[in-house]
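# Structural overview for review
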Amino acid sequence: MNALEKSVIACPSMALPFIFAFLFLLSGDFRAAATAAECEGRWIYIRELPSRFNTDLLATCDDFPLLFELREQQEKSLLPFIANHGLGPRAHNRSHSWYRTDPLFMELLFHRRMLEYPCLVADPAAADAVFLPYYAAIAALPFLYSPDQWNSSALHGRDLADWLRRDRPGIWSRRAGHDHFLAVAGAAWDFDNDPAQTTVWGTAFLGLPECYNLSALTLESRAWPLQEHAVPPPTSFHPATLGRFNAWLARARRSRRPALMLFAGGAASSSGRPNIASSIRAECELRRDLCDIVDCSRGACAHDPGRFMRPMIRARFCLHPPGDTPTRRSTFDGILAGCIPVFFEEASAARQFGWHLPRRRYSDFSVLIPKEEVVFRGRRIADVLEAIPRARVRRMRNAVLELAPAVMYRRHGSSTALRARKDAFDLAIEGVLRRIRRRVQAMEQGTNPLVLVGEDEEEQHQQHLQPRVGDAADSAIYPNVLSVVRTGSTGGGFGGEPNPENSMVAFARLLCSCKLSCWCLASGPGD
């Protein structure tokens, strides 16, 4: 570790503002390579926020003992994982592409990568979109893990909203915030509370009227996304050159895979209630000749990619049951390993990552086994997977590895050849620009700019999934509610008149919460 990285870990709040300012000057080299024609409709302005909204927050990450208790990790400090601009320290001394990455620092990773974006503009009036480098998930830590601030969770983000209202307000008011976006290193559900209500968990950041028009890149979206779109969580693989990326893919392609299936996860729930994770563990224990288990209890896999990547590269299928929330980071680790994902509900991926995983092609690269079939009807996962012909398995594995660039975040400062391959960051920026473009066009045409479901041209053609049980009935009973969920508020937030439908937004949120609760009951704790 060099002296610069040590200084960042020792005192991030002092070092990083200067480092980001220096990198912003250097980023002109990247911008010069892009022509005006190539940047047409892609110009982004990075809002210069005070350091209290981003880099200063990094120094507070270790101030919440409850966070480490709930994570059950051996490490009792998060500061080392700030290294390499959020990629974390290298997995081992000789590693060139593997890091001990913590998804909490995705916001730092996005901030650093935005400085290399080739179409940055210094004049906000000339920008097609405005990036807010606000570390929302880190700013939320005191409201989530400090008991004396649990009743103040409605304050999360209000200081940012006040600052945006005061500092050059014309940047926001030009398009009422519809052209603003940010990255949020967490699930949208954690920031979805009603500011006027007492909360049990989470904050009200996305529920603030000032934030209705923002676009948020989150690690998981809600059942009916309001402001957000889900993007893959950072894995531990961050190559800097095309040669290293291709070398890994070649290894994954030629790897022998003696294990039929693999499950990487924590211990089975002790609640005694039937759930999919417990059913998977029970089947794997009985069929150790076909199934490998990677024990990730007590955070053992959180920062140790070797612990799970070596078994994944030797398995044909990787099992990804829903946990406390529908999605799993291991889905994307498995894709990089060429391990065919097996899902147990559509919310685990097919309803989440439309910009990165093609929705119409899920059957080409994954297997869906409804969890009810396994938990309540005794269907054997191994029987389903063994019945798939070998030729089809090979085609599926090739399709999985074709997706690897789309779920990988390359290292900042990577080679020109690797930058020519679109990674997860590039696809996220393209997606949010499409979303913003459609909103701005709608606003200019005098229609509702918050077209939040099926708004993306590519996703509109990919919507082929059947509705879940209850969706059709809900649409018939609550048509106005679901319309509000899909359209939200058109108010500008800062001083604008509230949308008359906002009274329905709270009820729509309640309906979404009920949906989540019903899902939790079906899945069971500890899944």
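Residues numbered from 1 in each chain as written. Predicted model: local features only at pLDDT ≥ 70, side-chain atom pairs only at ≥ 80, totals over all residues. Heavy atoms only, no water.

## Notes on the side chain of serine 146
Here serine 146 shows up in the loop between helix 7 (141–145) and helix 8 (158–166). With residues near it in sequence (within four places) discarded, serine 146 still touches Phe64 and Leu141. (Helix = DSSP H or I, 4+ residues; strand = E, 2+ residues; numbered from the N terminus. Contact = heavy atoms within 4.5 Å.)

## Some thoughts on the packing of helix 5 (residues 106–114) against helix 20 (residues 424–444)
The N-to-C vectors of helix 5 and helix 20 enclose an angle of 80°; their axes lie 11 Å apart at closest approach. If you check the angle between helix 5 and helix 20, you find them roughly perpendicular. Each of Phe110, Arg113 and Met114 in helix 5 lies in contact with helix 20, whose residues at this interface are Phe425, Asp426, Ala428 and Ile429. Looking at side-chain class alone, the contact of helix 5 with helix 20 contains 5 nonpolar, no polar and 2 charged residues. (Axes fitted to C-alpha atoms, helices over the stretch in contact; angles between N-to-C directions. Parallel < 35°, antiparallel > 145°, perpendicular 65-115°, else oblique. Nonpolar A, V, L, I, M, F, W, Y, C, P; charged D, E, K, R; others polar.)

## Things to note about the side chain of threonine 235
Positionally, threonine 235 belongs in the loop between strand 5 (228–230) and helix 10 (242–254). For threonine 235, a relative accessible area of 0% corresponds to the buried category. Within the structure, the side chain of threonine 235 is placed 3.3 Å from the backbone nitrogen of phenylalanine 237, a separation counted as a polar contact. Residues contacting threonine 235, with those up to four places away along its chain left out, are Thr101, Arg329, Phe332, Asp333, Leu336 and Val407. (Buried < 20%, exposed > 50% of the residue type's maximum accessible area, 1.4 Å probe, protein only. Polar contact = N/O pair within 3.5 Å; in protein donor to acceptor, adjacent residues only side chain to side chain.)

## What to know about the state of the cysteines
Per the counting criterion, the structure on display carries 4 disulfides. One disulfide in the model links cysteine 39 with cysteine 119; its S-S distance is 2.0 Å. One disulfide, between cysteine 39 and cysteine 119, carries an S-S torsion of -80° and so falls in the left-handed class. Placement of cysteine 39 in the loop between helix 3 (28–32) and strand 1 (44–46) and of cysteine 119 in the loop between helix 5 and strand 2 (129–131) is noted, with a sequence separation of 80 residues between them. A relative accessible area of 0% means that cysteine 39 is categorised as buried. When its relative accessible area of 0% is taken as the criterion, cysteine 119 is described as buried. Through a disulfide, cysteine 284 is tied to cysteine 291; the S-S separation comes to 1.9 Å. With the S-S bond torsion at 55°, the cross-link from cysteine 284 to cysteine 291 turns out right-handed. Each member of the pair cysteine 284 and cysteine 291 is classed as buried. Here the cysteine-cysteine linkages of the protein chain are recorded as 1-2, 3-4, 5-6, 7-8, numbering only bonded cysteines and doing so in sequence order. (Disulfide = S-S within 2.5 Å.)

## Remarks on helix 5
Most of helix 5 sits out of view: 9 of its 9 residues are buried. All buried positions along helix 5 are accounted for by Met106, Glu107, Leu108, Leu109, Phe110, His111, Arg112, Arg113 and Met114.

## Here we look at the packing of aromatic side chains
All told, the structure shown has 14 aromatic pairs when counted by the stated rule. Relative to tyrosine 134, the ring of phenylalanine 53 has its centre 6.0 Å away and its plane inclined at 75°; by these criteria the two rings are edge-to-face. Placement of phenylalanine 53 in the loop between strand 1 and helix 4 (65–71) and of tyrosine 134 in the loop between strand 2 and helix 6 (136–139) is noted, with a sequence separation of 81 residues between them. Here the two residues phenylalanine 53 and tyrosine 134 agree in accessibility, since each one is buried. Here tryptophan 98 and phenylalanine 237 contribute two aromatic rings whose centre-to-centre distance is 4.8 Å and whose plane-to-plane angle is 35°, an arrangement assigned as tilted. Residue tryptophan 98 is found in the loop between helix 4 and helix 5, and its partner phenylalanine 237 is found in the loop between strand 5 and helix 10; the two are separated by 139 residues along the sequence. One exposure class covers both tryptophan 98 and phenylalanine 237, and it is buried. Each residue in the set Phe53, Tyr134, Trp163 and Phe205 is aromatic and connected to the rest through ring pairs, giving one cluster. (Phe/Tyr/Trp six-rings, centres within 6.5 Å; stacked < 30°, edge-to-face > 60°.)

## Focus: the sheet that holds strand 8 (residues 315–320)
If you trace the 5 strands from one edge of the open sheet to the other, you get 7-6-8-9-10, paired in parallel fashion. What marks the edges here is a single partner per strand, and that holds for strand 7 (291–295) and strand 10 (367–368). Across 4 bridges, the pairing between strand 8 and strand 9 (residues 340–343) is parallel. The residue of strand 9 that forms the bridge with cysteine 318 is proline 341. The strands touched by helix 11 (residues 276–286) are strand 6 (259–265), strand 7 and strand 8; relative to strand 6, the strand with the most contacts, the crossing angle is about 135°. Packed onto the sheet, helix 17 (residues 390–402) meets strand 8, strand 9 and strand 10 and runs at close to 95° relative to strand 9. (Pairing = 2+ DSSP bridges.)

## Notes on the pairing of strand 4 (residues 215–220)
A large share of strand 4 lies buried, amounting to 6 of its 6 residues. When strand 3 (residues 180–187) meets strand 4, the two strands line up parallel, connected through 5 bridges. Each residue of the ladder has a partner; that of alanine 187, found in strand 4, is glutamate 220. For strand 4 and strand 5, the ladder comprises 3 bridges, and the chain directions are parallel. Paired with alanine 216 across the strands is glutamate 228, a residue of strand 5.

## Some remarks on the confidence of the model for the protein chain
Averaged over every residue, the pLDDT of the protein chain is 81; residues scoring 70 or more account for 77%. Counting interchain partners and residues more than four positions distant, the pLDDT-below-50 stretch residues 1–14 has 22 contacts. (pLDDT = per-residue confidence, 0-100.)

## Some points on unusual backbone geometry
Notably, asparagine 84 is not glycine yet its phi reads approximately 55°, a positive angle. Note on placement: asparagine 84 falls in the loop between helix 4 and helix 5. Judged by its relative accessible area of 7%, asparagine 84 falls in the buried class. Its identity is not glycine, yet alanine 176 carries a phi of approximately 55°, on the positive side. As for its placement among the helices and strands, alanine 176 is situated in the loop between helix 9 (170–173) and strand 3.

## Comments concerning the nonpolar core
Counting 71 residues, the largest nonpolar core has Ile44, Phe105, Met114 and Phe181 as its most contacted members. In terms of residue count, the dominant contributor to this core is helix 20 (8 residues). Apart from the residues lying within four places of it in its own chain, the contact partners of phenylalanine 105 are Leu58, Cys61, Leu78, Phe81, Ile82, Gly86 and Ile138. In this structure, Leu249, Phe332, Ile340 and Val367 belong to the second largest nonpolar core, which totals 65 residues. (Core = buried A, V, L, I, M, F, W, Y, C linked by side-chain atoms within 4.5 Å.)

## Examining the sheet that holds strand 2
Read across the open sheet, the 5 strands follow the order 1-2-3-4-5; overall the sheet is parallel. On the outer flanks of this sheet lie strand 1 and strand 5, each paired with one strand and no other. Strand after strand, the sheet turns through a mean of 30° between neighbouring axes, direction not considered. On the sheet, helix 5 packs against strand 1, strand 2, strand 3 and strand 4 and is oriented at approximately 150° with respect to strand 3. On top of the sheet, helix 20 reaches strand 1, strand 2, strand 3, strand 4 and strand 5; it is set at about 140° to strand 4, its chief contact.

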